[in-house]
Amino acid sequence: MNDHPDLRSLYEDLTPPVGAAARLRTRLREPDLMETAVWVFTHRVAAGIAAAWILVGFLHVWPADPVQDPDVSAWVMVDTSLDDLLPETVSTLE
Amino acid sequence: MMTLPTDIDTDAHPPQAVFRHGVDAWYPAIYRHIAASTYGTGLDADDLTQDVFMKAWRKIDTFDGRSSMKTWLYAIARTTVLDALRRRKIRTVMSVFSERGASFEPEGDRGDGTAELRHHLRLAIASLPEAYRTVILWRDVDGLSYAEIAAIAGESEGTLRSRHFEARKRLRDHLTRNGITP
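The structure contained in this document is the topic of the report that follows. (Residues numbered from 1 in each chain as written. Chains lettered and ligands numbered in written order. Predicted model: local features only at pLDDT ≥ 70, side-chain atom pairs only at ≥ 80, totals over all residues. Heavy atoms only, no water.)

### A word on the pattern of salt bridges
The criterion, for reference: Here a salt bridge means any side-chain nitrogen of Lys or Arg lying within 4 Å of a carboxyl oxygen belonging to Asp or Glu. Every helix listed is a DSSP run of H or I at least four residues long, and every strand listed is a run of E at least two residues long, numbered separately from the N terminus. Using a 1.4 Å probe on the protein chains alone, a residue whose accessible area is under 20% of its type maximum counts as buried, one over 50% counts as exposed, and one in between counts as partly exposed.
By the definition in use, this model includes 11 salt bridges over all chains. The partner of Arg86 of chain B in a salt bridge is Asp83 of chain B, and the shortest N-O contact between them spans 3.3 Å. Placement of the pair is Arg86 of chain B and Asp83 of chain B together in helix α3 (residues 69-87), with a separation of 3 residues, close to one helical turn. With a relative accessible area of 30%, Asp83 of chain B lands in the partly exposed category. When the shortest N-O distance is used, the salt bridge between Arg168 of chain B and Asp140 of chain B registers 3.0 Å. Within this pair, whereas Arg168 of chain B is found in helix α8 (residues 157-177), its partner Asp140 of chain B is found in helix α6 (residues 130-141), the two being separated by 28 residues in sequence. It is possible to trace a salt-bridge network through shared partners that takes in Arg23 of chain A together with Asp46 and Asp47 of chain B.

Okay, structure coming up:
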């Protein structure tokens, strides 16, 4: 068995089906499923998770607990004191 | 044997042109190699060839022209075939035959025994262990040089020469045992 013209001709009838190149071109234009999944995850799912995280964080601090939040407690105190003063103010005006 | 164009200069052409050149020049040869490698296994050579070129397109940016386009595509074809055989748990073509419990009938026999002889020769090659089968196909069917085979397999030319010698011996023994004279 030297360099084999016989073995070369053995597979000569094995040729690609008609339209194989066109099929390849079509496949190349289609987005790859895995790549698409990765893109959707990185661009949409990850963005969704980030948005949800921000939303949860926002809901966690609002509405704030007036007892726990010193700023709001101060505001309530001011408000309360105004209420307390209001009758006197009214009576003074009268 | 079809004369194929020489390799493309990757520095002078954009990746799309390099890839298009690869498809035009090597698609039939890669298809034939895959069809020969998977003969009798039931794997679809057309699908696998498409996969090879899809992979090549995705990796075209990494093709720097240090290896030839031909050996690069053959290397992708080798891993694609091995992966497909592994996925289908096909170790040898003979295991497929024994699972089916029947012998394959050659197609397109013209009554002169040519198709039958061709069928048995293809089966004999396909039933060789992968390392021997691929070296026979690369050298004797695809007409690659030992240097090109070494570039694909990542082994020395000396190793591949002795493996090729052993592969031919095994093939000859197999054919003699089965009373086939090529």
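### Observations concerning the packing of helix α2 (residues 20-29) of chain A against helix α2 (residues 45-58) of chain B
Rules: Under this scheme, a helix contributes an axis fitted over its contacting stretch, all axes are lines through C-alpha atoms, and angles between N-to-C directions fall in the 0 to 180 degree range. Oblique is the label for every angle not falling under 35 degrees (roughly parallel), over 145 degrees (roughly antiparallel), or within 65 to 115 degrees (roughly perpendicular). Two helices that cross are described as forming a left-handed crossing if the nearer one is turned anticlockwise from the farther one by less than a right angle, and a right-handed crossing if clockwise. The contact criterion used throughout is that any non-hydrogen atoms of two residues lie within 4.5 Å. Polar here means any residue other than Ala, Val, Leu, Ile, Met, Phe, Trp, Tyr, Cys and Pro, which are nonpolar, and Asp, Glu, Lys and Arg, which are charged; Gly is therefore polar.
Interaxial distance between α2 of chain A and α2 of chain B falls to 10 Å at its minimum, and their mutual angle equals 45°. Accordingly, the angle class assigned to the pair α2 of chain A and α2 of chain B is oblique. Crossing hand, α2 of chain A versus α2 of chain B: right-handed. Facing Ala20, Arg23, Leu24, Arg27 and Leu28 of chain A of α2 of chain A, the residues of α2 of chain B in contact are Asp46, Asp47, Gln50, Asp51, Phe53, Met54 and Trp57 of chain B. Each residue belonging to the contact of α2 of chain A with α2 of chain B can be placed in one class, and the counts come to 6 nonpolar, 1 polar and 5 charged.

### Looking at the packing of aromatic side chains
All names here are of chain B. The condition is simple: Centre distance within 6.5 Å is the pairing criterion for rings of Phe, Tyr and Trp, where only the six-membered ring of Trp is used; planes under 30 degrees apart are then read as stacked, over 60 as edge-to-face, and the remainder as tilted.
Counted by the stated rule, this structure contains 2 aromatic pairs over all chains. When the centroid spacing of 5.0 Å and the interplanar angle of 55° are considered together, the rings of Phe19 and Trp57 count as tilted. Here Phe19 is found in helix α1 (residues 15-37), whereas its partner Trp57 is found in helix α2, with 38 residues between them in sequence. On the basis of relative accessibility, which here comes to 6%, the residue Phe19 falls in the buried class.

### Details of empty space enclosed by the protein
Where empty space is left can be seen by rolling a probe of water-molecule size over the atoms. This is how the line gets drawn: Cavities and pockets are found on a 1 Å grid laid over the protein atoms alone: a cavity is a set of points where a 1.4 Å probe fits but cannot escape, a pocket is an open set with protein on both sides within 12 Å along at least five of seven lines, and a lining residue has an atom within 4 Å of such a point. Grid points are joined across faces, edges and corners, and a volume is the space filled by probe spheres set on the points.
Counted by the stated rule, this structure contains 2 cavities of 30 Å³ or more. Listed by contribution, the elements that provide at least two residues to the lining of the second largest cavity are α1, α3 and α6 of chain B.

### Remarks on the layout of surface pockets
Considering only enclosed or pocket space, the second largest pocket measures out at about 240 Å³ in volume. Lining the second largest pocket, in full, are Ala21, Leu24, Arg25, Leu28 and Arg29 of chain A together with Gln16, Phe19, Arg20, Val23, Asp24 and Trp57 of chain B. Counting only elements with at least two residues in the lining of the second largest pocket, the list comes to α2 of chain A together with α1 of chain B. The residue inventory of the lining of the second largest pocket, partitioned by class, reads 6 nonpolar, 1 polar and 4 charged.

### Looking at the environment of Arg27 of chain A
In this fold, Arg27 of chain A is placed in helix α2. Since its relative accessible area comes to 23%, Arg27 of chain A is described here as partly exposed. Residues within four places of Arg27 of chain A in sequence aside, it is in contact with Asp47, Gln50, Asp51 and Met54 of chain B.

### Notes on α6 of chain B
Residues and elements named next belong to chain B. Buried residues dominate α6, accounting for 10 of its 12 residues. Turning to α6, its buried residues number three or more, namely Tyr132, Arg133, Thr134, Val135, Ile136, Leu137, Trp138, Arg139, Asp140 and Val141. A positive phi of about 70° marks Gly143, the residue just after α6.

### Focus on the side chain of Thr41 of chain B
Condition: Two N or O atoms form a polar contact when they lie within 3.5 Å of each other; inside protein one atom must be a possible hydrogen donor and the other a possible acceptor, and for residues adjacent in sequence the pair counts only when both atoms belong to side chains.
Structurally, the position occupied by Thr41 of chain B is in the loop between α1 and α2. Within the local environment of Thr41 of chain B, its side chain forms a polar contact with the backbone oxygen of Thr38 of chain B, the two atoms lying 2.6 Å apart.

### Focus: the interface of chain A and chain B
Note the following rule: In this description, buried area is defined as the sum, over both parts, of the accessible area (probe of 1.4 Å) that is lost when the two are combined.
In this complex, chain A contributes 21 residues to the contact, which on the side of chain B involves 30 residues. Summing both partners gives a buried area of about 2,600 Å² for chain A against chain B, and 61% of it is carried by carbon and sulfur. In this structure, the connection of chain A to chain B is made through 3 salt bridges. Notably, a salt bridge pairs Asp13 of chain A with Arg122 of chain B, separated by 2.3 Å at the nearest N-O pair. At the junction of chain A with chain B, the criterion picks out 6 residue pairs in polar contact (both at pLDDT 80 or more). Counting only elements with at least two residues in the side of chain A that touches chain B, the list comes to α1 (5-10) and α2 of chain A. With 5 residues, α2 of chain A is the largest single contributor of residues to the side of chain A that touches chain B.

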